[in-house]
Amino acid sequence: MEHLLECLAPILFIWLSVIGVCICICVNNNVSKRKIVFKCNCINLLGKNHIKIVVEHKFVVSSRYIIMSKVQPEYICSCFFTQNIFIKKYKIHVKYINDDQFENEFRQVLRMKGCSTTNQYEEALYEVHKEVSLRKSYHKKFLDNYLYIQRHYTKLYPDIWTLRQTFLDSRFLTIAAEAKKPTQTKESLLSCIMHNGGDITECEVYKMPIFTTELCLMLINEIQNFNNFPCEKTRPNTMNKYGISLDEMGLSQGLLIPLIADYLQFIAKCLFPQWTGHAIDSFKAFVVKYESDLDTELSKHFDNAEVTMNISLNSKFEGGDLQFYSSSLNRSVDISHESNLQMSHKEGYGVMHCGRQYHSALPIIAGIRYNLIIWMRSSTVRNICPMCNQTPDLVQVPIAGDGFIPIPKTRSQCHLL
Ligand SMILES: O=C(O)CCC(=O)C(=O)O
Ligand SMILES: [Fe+2]
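Residues numbered from 1 in each chain as written. Chains lettered and ligands numbered in written order. Predicted model: local features only at pLDDT ≥ 70, side-chain atom pairs only at ≥ 80, totals over all residues. Heavy atoms only, no water.

Peer 1: Could you give me a rundown of the packing of aromatic side chains, with the residues and numbers involved?
Peer 2: Going through the model one piece at a time under the given rule, you end up with 15 aromatic pairs. When the centroid spacing of 5.3 Å and the interplanar angle of 65 degrees are considered together, the rings of Tyr153 and Phe229 count as edge-to-face. Within this pair, whereas Tyr153 is found in the loop between α5 (118-152) and α6 (170-180), its partner Phe229 is found in the loop between α8 (213-228) and β6 (244-245), the two being separated by 76 residues in sequence. Judged by its relative accessible area of 14%, Phe229 is buried. Centroid distance Phe286 to Trp375: 5.1 Å. Interplanar angle 90 degrees. Geometry classified as edge-to-face. (Phe/Tyr/Trp six-rings, centres within 6.5 Å; stacked < 30°, edge-to-face > 60°. Helix = DSSP H or I, 4+ residues; strand = E, 2+ residues; numbered from the N terminus. Buried < 20%, exposed > 50% of the residue type's maximum accessible area, 1.4 Å probe, protein only.)

Given below as C-alpha cells:
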C-alpha cells in the first residue's frame, strides 16, 4: 500500500498541478468576460457614462477579438467594396460593379480627364481591380497585422501609449473644460476657442491648440520607428499610400480613446450637435504623410466620419494648406471647384470639421508634413452611410468596422415576422 502511494504521488502531483492551472485559466477568463459584460451593462444603465464606456468597449472587443468576437460585432457598409474607389492618376472617385458597368459609366468621364488611349484605359481599370481586391481582403489582413504588431513591435516611447494630461496644451484643457460645462452654449465655446489661441470660421471649421510640441515630436519618431518595423501594414484609405493606421498599430487604444472620451467628444457635441447623434461611439485614426516624390497632396473628398479632427504634428514644411469647399454637405449638387476657405496647419493645432464637408490638402512645396487624422463616428447618425448616402447595407467584419450598428427592429416589425 505504502509502495503504491509512493508510486502514485508524482502522478497525483502532476494531475493536481494540471487542474490548478486549468482553474487559474478559467478564473482569469471569467474575470475578463465579467469585465466586458459589466461594460455592456453600463452602456444600458448609466446614460451619463455612456460614451466613454461604449468607446472603451468597442476597442476592448477589437483587441481581444478572438475571445470576444460575439460580444459586439463590427460592420461596414457593402458600398466599401464598390464605391469611392480613387484613381490617383486622374484624381477621380469611381464606382465599380463589373467591367461593363464601369465602361458605361466612366469611360467617357475618364477620356475627358486625359485617359484617352486603350492602354491608358486598361491601366486605369487594372488600378480599380487591384483596389477592389485589396478591399476584399482588407479586414482579415488588418486583424492579422494587428495581432502580429501587438506581439512583436517594440515601442520607442512606451510612455506615449497612454494619454497624460501633460501631453495636452493647457489652452486645450481650458477649451475642453468649457465644452464640458452643463451650462455651455456653442457661443460660449466659440468665444473660449478664440480666447485660447484658436480660430473659428463661418464655414464651421475650427482650429485649436491640442498637443504639446514634445508629444508631436515623440509621435513622429514613434511613427517613423513603426514605419521601419518590418511587417505588413494596411493603408488607411485609397487616397493615401504612405499613411499609418494607428488602430492597427495599437496606439489608438491608450492614447486616442481617452482623448476622444474625455475631451474631443464634448467639443464635437457642442460644435456639431446635428452630427454627433446620441454619442461619438467609434472612430478611425491614422497619420498621413506628404513628401515630394511620394504623396504630396490630397484630392477633394469627404470623410467616412461625422466629425473629423485633423492635428498637425510638425512645422517643417511649406504649402499643404487645407482647403474647404462651399458645395459641401449636399451630394446631389455638383461639387463645385470653388473653395471658400483655406486653412494653414500649425504644429500641435487641430482643425475640427464636419466629415461630410468637402475638403482637400494642397500640395506641399517643401519638407515633410505629418498629420494625425481622427474620423469620429456616431452610429445613430450612420443610419445613412456617408459614403453611399443610403441606408447602410451591413456586412460583418472581424475588426475595424466603420462604426455602424444594426438598427433594432421595431415592435410592429417583430410582430409581423
Ligand atoms: O492632410 C490633411 O490635412 C487632410 C487629410 C484628410 O482630409 C483625410 O485624410 O481625410
Ligand atoms: Fe479628409
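Anyway, onward from the coordinates.
Peer 1: Before we move on, could you go through the packing of helix α4 (residues 99-112) against α5 and cite the residues and values that matter?
Peer 2: Interhelical geometry of α4 versus α5 gives an angle of 125 degrees and a closest axis separation of 12 Å. Classified by the angle their axes make, α4 and α5 are oblique. Like other packed secondary-structure pairs, α4 and α5 cross with a definite hand, here right-handed. On α5, the residues touching Asp99, Phe102, Glu103, Arg107 and Leu110 of α4 are Thr118, Tyr121, Ala124, Leu125, Val128 and His129. A class-by-class count of the residues in the contact of α4 with α5 yields 6 nonpolar, 2 polar and 3 charged. (Axes fitted to C-alpha atoms, helices over the stretch in contact; angles between N-to-C directions. Parallel < 35°, antiparallel > 145°, perpendicular 65-115°, else oblique. Left-handed = near helix turned anticlockwise from the far one by under 90°. Contact = heavy atoms within 4.5 Å. Nonpolar A, V, L, I, M, F, W, Y, C, P; charged D, E, K, R; others polar.)

Peer 1: Run through the environment of Gln224, naming residues and quoting values.
Peer 2: Position of Gln224 among the secondary structure elements: in helix α8. Sequence spacing of Gln224 and Leu156 is 68 residues, and the spatial spacing of their C-alpha atoms is 9.7 Å.

Peer 1: Can you break down the coordination of the iron ion (ligand 2) residue by residue, with the values?
Peer 2: Looking at the iron ion (ligand 2), the protein donor atoms are His301 (NE2), Asp303 (OD) and His359 (NE2), and they sit 2.1 to 2.2 Å from it. Looking at Asp303, the relative accessible area reads 2%, which means it is buried. (Donors = N, O, S within 2.8 Å, 3.2 Å for Na, K, Ca; no water.)

Peer 1: Kindly report on unusual backbone geometry, identifying the contributing residues and their values.
Peer 2: Excluding glycine, residues mostly have negative phi values, and the peptide bonds linking residues are mostly trans. For Asn84, which is not glycine, the phi dihedral falls at a positive 55 degrees. Among the secondary structure elements, Asn84 is positioned in the loop between β1 (74-77) and β2 (85-87). One non-glycine residue with positive phi stands out, namely Lys91, at about 45 degrees. As for its placement among the helices and strands, Lys91 is situated in the loop between β2 and β3 (92-94).

Peer 1: Provide a residue-level description of the site of ligand 1, including the pertinent values.
Peer 2: For ligand 1, the set of nearby residues contains 14 residues, the closest of which are Tyr290, Asp303, Asn310, His345 and His359. Between an oxygen atom of ligand 1 and a side-chain N or O atom of Tyr290, the distance comes to 2.6 Å. Taking Arg369, its side chain carries an N or O atom lying 3.1 Å from an oxygen atom of ligand 1. In the complex, 98% of the free accessible area of ligand 1, which totals 290 Å², lies under the protein chains. (Near = heavy atom within 4 Å. Polar contact = N/O pair within 3.5 Å; in protein donor to acceptor, adjacent residues only side chain to side chain. Areas by Shrake-Rupley, 256 points an atom, 1.4 Å probe, with all protein chains shown as cover.)

Peer 1: Any chance you could break down the pairing of strand β7 (residues 282-291) for me, citing the residues and the numbers?
Peer 2: Burial runs high along β7: 9 of the 10 residues are buried. When β6 meets β7, the two strands line up antiparallel, connected through 2 bridges. Of the residues in β7, the one forming a bridge with Ile244 is Val287. Of the strand pairs in this sheet, β7 and strand β15 (residues 364-377) are connected by 10 bridges, and their pairing is antiparallel. Note that in β15 the partner of Lys284 across the bridge is Trp375. (Pairing = 2+ DSSP bridges.)

Peer 1: How would you sum up α4? Please name residues and give values.
Peer 2: With 14 residues, α4 ought to run about 20 Å at 1.5 Å a step, and its terminal C-alpha atoms sit 19 Å apart, in line with that. Along α4, the positions that sit buried rather than exposed are Gln101, Phe102, Phe106, Arg107 and Leu110. (Expected span 1.5 Å × (residues − 1).)

Peer 1: Quick rundown of the nonpolar core? Include the residues and the values.
Peer 2: Judged by nonpolar contacts, the single largest core of 59 residues is most densely connected at Phe211 and Met352. No other element matches helix α10 (residues 251-271), which puts 12 residues into this core. In this structure Phe211 touches Phe167, Leu168, Asp169, Cys216, Leu219, Leu259, Ile311, Leu313, Gly348 and Leu372, once residues within four positions along its chain are discounted. In terms of nonpolar packing, the next biggest core, distinct from the first, is built from 15 residues, Ile87, Val94, Ala124 and Val128 among them. (Core = buried A, V, L, I, M, F, W, Y, C linked by side-chain atoms within 4.5 Å.)

Peer 1: Report on the packing of α6 against helix α7 (residues 186-195), specifying residues and quantitative values.
Peer 2: At a minimum axis separation of 9 Å, α6 and α7 run at an interaxial angle of 175 degrees. Here α6 is positioned roughly antiparallel relative to α7, judged by the angle of their axes. For the pair α6 and α7, the contacting residues are Thr174, Ile175, Glu178 and Ala179 in the first and Ser188, Leu189, Cys192 and Ile193 in the second. Grouping the amino acids of the contact of α6 with α7 by side-chain chemistry returns 5 nonpolar, 2 polar and 1 charged.

Peer 1: Requested: an account of the pairing of strand β5 (residues 206-209), with residues and values cited.
Peer 2: What you see with β5 is no split at all: Tyr206 and Met208 on one side and Lys207 and Pro209 on the other are buried throughout. Taken together, the 2 bridges between strand β4 (residues 199-200) and β5 define a ladder with antiparallel strand orientation. In the strand pairing of β5, Ile200 is matched with Tyr206. Turn length for the β4-β5 hairpin, with the two strands adjacent in sequence and antiparallel, is 5 residues, and the turn residue Glu204 shows positive phi of about 60 degrees. Relative to strand β13 (residues 349-354), β5 is paired through 4 bridges, and the arrangement is antiparallel. In the sheet register, Met208 faces β13, and the bridge partner there is Gly350.

Peer 1: Outline the pattern of salt bridges, listing residues and values.
Peer 2: Tallied over the full model, the rule gives 15 salt bridges. With a shortest N-O distance of 2.6 Å, Lys140 and Asp144 are connected by a salt bridge. With a gap of 4 residues between them, Lys140 and Asp144 both fall in helix α5, about one helical turn apart. According to the relative accessible area criterion, Lys140 is exposed, its value standing at 53%. Of the charged contacts in the structure, one is a salt bridge between Arg382 and Glu306, with a shortest N-O distance of 2.9 Å. With Arg382 in the loop between β15 and β16 (394-397) and Glu306 in the loop between β8 (298-301) and β9 (307-312), this residue pair connects regions lying 76 residues apart in the sequence. For the residue pair Arg382 and Glu306, the accessibility class agrees, reading buried in each case. (Salt bridge = Lys/Arg side-chain N within 4 Å of Asp/Glu carboxyl O.)

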